[in-house]
Amino acid sequence: MAMRLKVNGKPLEVDADPAMPMLWVLRDVLGMTGTKFGCGMALCGACTIHLDGVAPRACVTPLGAAANREVTTIEGLEKPDGTLHPVQAAWVAENVPQCGYCQSGQIMSACALLAAKAKPSDEDIDAAMSGNICRCGMYPRIRKAIHRAASATPAGRGKR
């Protein structure tokens, strides 16, 4: 069954079972491998995407739930001219990635947090990021990068 959706700003028609998880639609049908498979049970956050600005887990979000909606993946954050999203730039500046496997999900969750709260506190960050697991334990760097990104965006400039 053909489903219409918009992925990273591009209208698409996807011919797949509406029950297929968005993770597999993105990776196997559309060839977008930035969204990672972690646990398959929405517990680790590696597969986090945005659906109309909200950050669900793609492993448990069916294609049917994304029909006629805006899907943003890690591939959609970078601007067409190659400029990194402020969160991506902060990740690089703070040397967050170690193995890197969880990073696309971490970044997508951080972007959703900053869209909802321009100047989050440490407690806000910890609460928003608690569903994202990093085996390498980069949580202090992740928090620092989120504060850096918040300071780099117009609504977040100023004191933390």
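Located above this text is the structure these notes cover.
The text that follows walks through the structure, step by step, so that each part is easy to find. (Residues numbered from 1 in each chain as written. Predicted model: local features only at pLDDT ≥ 70, side-chain atom pairs only at ≥ 80, totals over all residues. Heavy atoms only, no water.)

**As for the packing of helix α5 (residues 122-129) against helix α6 (residues 139-152)**
Applied cut-off: To get an axis, fit a line to the C-alpha atoms, keeping to the stretch in contact for a helix; angles then go from 0 to 180 degrees between the N-to-C directions. Secondary structure elements are taken from DSSP: a helix is a run of H or I of four residues or more, a strand is a run of E of two residues or more, and numbering for both begins at the N terminus. Crossing handedness is read from the near helix: turned anticlockwise from the far helix by less than a right angle, it gives a left-handed crossing, and turned clockwise, a right-handed one. Contacts between residues were defined by any pair of non-hydrogen atoms, one from each residue, lying within 4.5 Å. Residues are grouped as follows: Ala, Val, Leu, Ile, Met, Phe, Trp, Tyr, Cys and Pro are nonpolar; Asp, Glu, Lys and Arg are charged; every other residue, Gly included, is polar.
α6 packs onto α5 with a crossing angle of 115° between their chain directions and a minimal axis gap of 10 Å. The interaxial crossing formed by α5 with α6 has right-handed handedness. On α6, the residues that touch D122, I125, D126 and M129 of α5 are I142, R143, I146 and H147. Looking at the contact of α5 with α6 residue by residue, the classes come out as four nonpolar, one polar and three charged.

**Digging into the sheet that holds strand β2 (residues 10-15)**
The following threshold applies: Strands qualify as paired when DSSP identifies two bridges or more between them.
Pairing in this open sheet of four strands is mixed, and the strands run β2-β1-β4-β3 from one edge to the other. Each having just a single partner strand, β2 and β3 (50-51) make up the two edges of the open sheet.

**So, the environment of A127**
As a reminder, the rule being used: For the exposure calls, accessible area comes from a 1.4 Å probe over protein chains only, and a residue counts as buried if that area is under 20% of its type's maximum, exposed if over 50%, partly exposed in between.
Within the secondary structure layout, A127 lies in helix α5. With relative accessibility at 53%, the residue A127 sits in the exposed group. Each C-alpha atom of the pair A127 and I74 lies 21 Å from the other, and the pair is 53 residues apart in sequence.

**A look at the nonpolar core**
Quick reminder of the rule: Only buried Ala, Val, Leu, Ile, Met, Phe, Trp, Tyr and Cys residues count toward a nonpolar core, and they belong to the same one when joined by side-chain atoms within 4.5 Å.
In this structure, V87, W91, I107, I142 and I146 are the most contacted members of the largest nonpolar core, which totals 22 residues. Elements that contribute at least two residues to this core include exactly α3 (86-93), α4 (103-116), α5 and α6. Here the element with the most residues in this core is α4; it accounts for six residues. Setting aside residues up to four positions removed in sequence, I146 forms contacts with W91, A110, L113, L114, P120, I125 and M129. Formed by 19 residues, the second largest nonpolar core is a distinct cluster that contains A16, L26, M32 and V71.

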